[in-house]
Amino acid sequence: MSGIILTVEDLDIALDPSGVEVDHEVNLELVEGEILGLVGESASGKTTAATSLLNFQRRGAKIVSGSIHIGDRDVLALGAAQLRQLRGGVISYVPQDPGSALNPALRIGLQLREVLEFHGFGDSEAERRKRLEEMMAEVLLPSTKEFLRRYPHQLSGGQQQRVALAMAFSCRPKVIVLDEPTTGLDVTTQAHVLNTIRDLVTAHRVAAVYVTHDLAVVAELAHRIAVMYAGRLVEIGPAAELFAGASHPYTRRLLHAVPVLTGRRTLEGIPGFAPRPGHRPAGCAFAPRCSYAVAKCSAEMPPEEIVGEMHRVRCWRHEEVRAQAPVLAQKDDSSLESGGEAGLITVRGVTAWYGSKECIHDIDITLRARECLALVGESGSGKTTLARCIAGLHHFRIEGDIGFQGKALPRLAGSRPRAIRHAIQYVFQNPYSALNPRKTVAQILSQPLSIFFDYTRHQREDRLAEVLDLVSLDDTLLSRYPDQLSGGERQRVAIARALAAEPTVLICDEVTSWLDVSVQASIIELLLRLQSEIGLCMLFVTHNLALIRSIAYDVAVMSEGRIVEYGPTDDVLADPQAEYTRKLLADTPTIEAALFKT
Amino acid sequence: MSANDSVSAGERRVDALDVSPDEALSETLGHDLEPSPARGKQRRRDWVQLPLDALHYRVTQAGLAISLFIVAMAVVGPYIAPYSPYEFVTAPYAKPSATAWLGGDNLGRDVVSRVLCGGRTVLSLSFIATAIGMILGVVLGLVAGYARTVINEVIMRGLDVLLAFPQIVFVLLIISVLGPQVWLLVLGVGVTLAPPIARVVYGVTVEIKERDFVMAAESLGVSHLKIAFTEILPNIVSPLMVEFGLNLTFAIGTIASLSFLGFGMQPPAADWGLMINENRVGLVIQPYSVFVPVTLIAILAIGVNLVTDGVAHAMIGIDRDTGSA
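Keep in mind it's a predicted model, so treat the numbers as computed, not measured. (Residues numbered from 1 in each chain as written. Chains lettered and ligands numbered in written order. Predicted model: local features only at pLDDT ≥ 70, side-chain atom pairs only at ≥ 80, totals over all residues.)

J.: Go over the overall build of chain B with me, naming the residues and quoting the values.
T.: For chain B, the helix and strand inventory stands at 14 helices and zero strands. Starting at the N terminus and walking to the C terminus, you meet the elements of chain B as α-α-α-α-α-α-α-α-α-α-α-α-α-α. Burial analysis of chain B (325 residues in total) assigns 50% to the buried set. (Helix = DSSP H or I, 4+ residues; strand = E, 2+ residues; numbered from the N terminus. Buried ≥ 20, exposed ≤ 12 C-beta atoms within 10 Å, placed from the backbone.)

Structural data, given as structure tokens:
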């Protein structure tokens, strides 16, 4: 194949003193203008592998063997000074969180100029200035003096990420490594950033590695996709081919976890979690979580086999796996039924302020008993404010009526009677800050129990185990602290805390946005089960339209503090009326798009 | 900024982990979404775990050895002193001899005996003063930091007024008005220590109260006072430990200075600060009676500071993962 720009051969990365393997036998080739999606769950070693392309290893990790070539340059043989020239010049990196990657004390213009100056781009100041303007135009940002004089905190998240992109592309690198650059951005912003990346890569014939945990994000963007699990590439192939003929059970499970826009599908999480370095089983590391596993799997690592054009897979049973019907073809067309229940929570003409600023205007929604209403919108649309008004957590001025079972609700949780406080429970977005890090799971879950119920010590212990069981966790976790739990487990504990109060209404504020896609799928599974078992009334706040079809009967779309569309989910998704909903739908990344692309 | 820096920025997310030094290596490689089976169930509470972690560092070990040496001297000293500290053993400012190893002081009392007996007061008084300062500072800072109302302003501006007085001047003022009493000295020093502590506690509290778990407790209807002391306080234990060490050093210095100025312990009590004052006239003739207590106070301050350093070091490990992942 011509135009190969990056070759990685048998790359092994291990922890330095202990020799514990992190990445093993990683083989990659990239041609000019190609985007490779590197996909995997947390702790799969994808970021470690990606940063190694710049010959950068985290503290404690070391490249043991293998080679990395960019053009004819041996990256691993370069000295410190040459490496500095290479990084940012020939190969550049776009980090996950632009907010912390840009120096908060420097104006963005200066930061951009620095890169050009360091790499000696152009011959004169004027030339560099021209390049800077060019870069800003390429990432669709103004290059006015005024804008360049801004500090990073004066830019929005999407703008910051574009500045980071401009910086990465400024010296016309040959290879670019993007480490989850759109995680934490809104769908609309994400769509813009992805478009910018695609345009830049095509225009400058750059080879790109895009690291992500979400297959849907790279589906439209990447030409080829590499799936990593426990430090190995388990499957690599052209995007469309991989989606249609996924040959590794893990790839199939990942596909199952991705929500789709067209047609309903039951989301399936992957039970368990990816083993971290040092705890990986012998043989195929996925075997313990794999439904295809046979005895051979846990005994011996399968070799890499070629199953199609540029399509390689590591699985003993890849033929059988491949023969299964494509994941995306499996659809479940049953629709969620509305029982036509009476309204439990009624929000009428609610306007709320944040400080002195009016942030939601004249909202009318109804939460029906035993049903789920999805509240969709970008960040800043006021959806969290609305959810908090209902939960009694909004400390600023509210006007209008919020009713519960026909009676007006006091504004703040503290002034609501006990019976109402326990009936309405709230699950927070960020599982990392929702649990007190200094309390054990038992202490956290006991809090609602001791406030709302008069249990004896014995009853309380039974109840704790019961509540944990509801969220599919076992009671050995009771003595753990939150930092000993994974993100998914933390979110389950947070849900368990809400359930311990025996609520009738559960408000879920973007409960999956901090989690891996596979973990997100299992949390959705859990919420669906709880809803049908306990008959919870739910308000499900999210920015991901693709998610709501799986869970909500009704949807309310919010934009700039107003509800722009409100109706049954299926109708809204099939035939959106509001301009804003259509835009949101178009920007939501899906895997289907990749199938129809080629 | 070059790509070089960007890469280290990428590392940040993973560095935001709660790890003990031993596990740091394997932890850096996995993302923070995974639990570590290695970090078993035997993890203890902060106020136990932090000092234990701190002991891994050389600084702490050295500091602890130094501090314990001085403490032991102060505690055991009176029992092993060759003479009573009030006994006239030799001539004023006598040179060291077989009877008085470090010579005599301004009145001819044995310097060794006075040094051995004079540590108790400094140590215990500064410890009590620090405790008073901590309790006051923590309560005020916590309440001010958590309160969203006018209470916040009242407390913090009140503390600003206190903060504006130089510490020694404030204590001198109340002592010269009410007379040199030991309890007044301790209370005075304690009160002047409180404002800076309250500032630190206030700052941390303001940050912690924004975390969702505080809001979660509010939504359950937990009372404000209870939230402040059971939800927020446990999260600021580690900075408090460092504060305690720092303030103990301040208190030692202040109390010794006040004794030196004649406002602390009164003659004929044996006290390091007082000894410096009494004997400074004869510094040229008989340096030991000044030099030894000065050195001991300095060593004690250094020791406490080293321990504090170690605890601060260990704290970086413990406090990493508290919600900002």
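Having seen it, we continue.
J.: Account for the packing of helix α18 (residues 487-500) of chain A against helix α19 (residues 517-534) of chain A, with residues named and values stated.
T.: Residues and elements named next belong to chain A. Running from amino to carboxyl end, α18 crosses α19 at an angle of 25°, the nearest separation of the two axes being 10 Å. Between α18 and α19, the interaxial angle falls into the category roughly parallel. Considering the relative orientation of α18 and α19, their crossing is right-handed. Residues G487, G488 and Q491 of α18 pack against V519, S522 and I523 of α19. (Axes fitted to C-alpha atoms, helices over the stretch in contact; angles between N-to-C directions. Parallel < 35°, antiparallel > 145°, perpendicular 65-115°, else oblique. Left-handed = near helix turned anticlockwise from the far one by under 90°. Contact = placed C-beta atoms within 7 Å.)

J.: Run through the sheet that holds strand β22 (residues 562-568) of chain A, naming residues and quoting values.
T.: Residues and elements named next belong to chain A. Overall, mixed pairing links the six strands, which are arranged β18-β19-β20-β15-β21-β22 in an open sheet. The two strands at the open ends of the sheet, each matched to only one other strand, are β18 (424-427) and β22. Direction aside, the axes of adjacent strands within the sheet are offset by 15° on average. The pairing of strand β15 (residues 372-376) with strand β20 (residues 537-542) spans five bridges and is classified as parallel. Bridged to L373 within β20 is L539. Most of the contacts of α18 go to β18, to which it runs at about 170°, and overall it touches β18 and β19 (505-509). (Pairing = 2+ DSSP bridges.)

J.: Now, about the packing of helix α4 (residues 108-118) of chain A against helix α7 (residues 157-169) of chain A: what can you tell me, with residues and values included?
T.: Residue and element names in this part refer to chain A. Two elements in contact, α4 and α7, have axes separated by 9 Å at closest approach and are oriented at 20°. When the axes of α4 and α7 are compared, the pair comes out roughly parallel. Read as a crossing pair, α4 and α7 show a hand that is right-handed. Residue-level inspection shows I108, Q111, L112 and V115 of α4 in contact with α7, the latter providing V163, A166 and M167.

J.: Which residues make up the nonpolar core, and what values go with them?
T.: By size, the foremost hydrophobic cluster in this structure holds 275 residues, and its most contacted members are V175, Y210, L375, I507, L539 and F540 of chain A. When we break this core down by domain, the ones giving at least three residues each are domain 1 (4-102 + 173-328) and domain 2 (343-431 + 503-597) of chain A. (Core = buried A, V, L, I, M, F, W, Y, C linked by C-beta atoms within 7 Å. Domains from an automatic or database assignment.)

J.: Which residues make up the domain arrangement of chain A, and what values do they have?
T.: Residues and elements named next belong to chain A. Domain annotation for chain A reports domain 1 (4-102 + 173-328) and domain 2 (343-431 + 503-597). If you average the C-alpha positions of domain 1 and of domain 2, the two centres end up 34 Å apart. Facing the 32 residues of domain 1 at the interface are 31 residues of domain 2. Those elements that provide at least two residues to the side of domain 1 that touches domain 2 are α8 (187-204), α9 (215-219), α10 (239-244) and α11 (249-257). Taken together, the residues of the side of domain 1 that touches domain 2 sort by class into 20 nonpolar, five polar and seven charged. (Nonpolar A, V, L, I, M, F, W, Y, C, P; charged D, E, K, R; others polar.)

J.: So what's going on with the sheet that holds strand β12 (residues 311-313) of chain A? Which residues, and what values?
T.: Residues and elements named next belong to chain A. Read from one edge of the open sheet, eight strands run β6-β7-β8-β3-β9-β10-β12-β11, paired in mixed fashion. Strands at the two margins of the open sheet, each flanked by one partner only, are β6 (91-94) and β11 (305-308). Neighbour-to-neighbour, the strand axes of this sheet turn through a mean angle of 20°, independent of strand direction. Here α7 sits on the sheet in contact with β6 and β7 (175-179), set at roughly 170° to β6. Contacting β3 (35-39), β9 (224-229) and β10 (232-238), α11 crosses the sheet at an angle of about 105° to β9.

J.: Hey, could you go over the pairing of β6 of chain A for me, with residue numbers and the actual values?
T.: Residue and element names in this part refer to chain A. Every second residue of β6 is oriented toward a common face, with I91 and Y93 on one face and S92 and V94 on the other, all of them buried. Note that β6 and β7 share four bridges and pair parallel. Bridging from a neighbouring strand, S92 pairs with I176 of β7.

J.: So what's going on with the pairing of strand β1 (residues 4-15) of chain A? Which residues, and what values?
T.: Sheet faces and side chains relate simply in a regular strand, where the side chains alternate between the two faces. All names here are of chain A. Examined bridge by bridge, β1 and strand β2 (residues 21-31) share seven bridges and lie antiparallel to one another. The residue of β2 that forms the bridge with L6 is L30. Count of turn residues in the β1/β2 antiparallel hairpin: five residues, of which G19 carries a positive phi of about 75°. Here β1 pairs with strand β4 (residues 61-70) via eight bridges, running antiparallel. The residue of β4 that forms the bridge with I13 is I63.

J.: So what's going on with the confidence of the model for chain B? Residues and values would help.
T.: All names here are of chain B. The predicted model of chain B averages 79 in pLDDT, with 83% of residues at 70 or higher. Within chain B, helix α1 (residues 3-15) has the poorest average pLDDT of any element, 35, and helix α6 (residues 119-146) the best, 92. Taken as a whole, residues 1-42 scores under 50 in pLDDT and shows 111 contacts with residues more than four places along the chain or in a different chain. Low pLDDT (under 50) marks residues 319-325, which in the prediction has 20 contacts with non-local residues, meaning those over four places away or in another chain. Both scores are available for the predicted complex, with the pTM at 0.78 and the ipTM at 0.76. (pLDDT = per-residue confidence, 0-100.)

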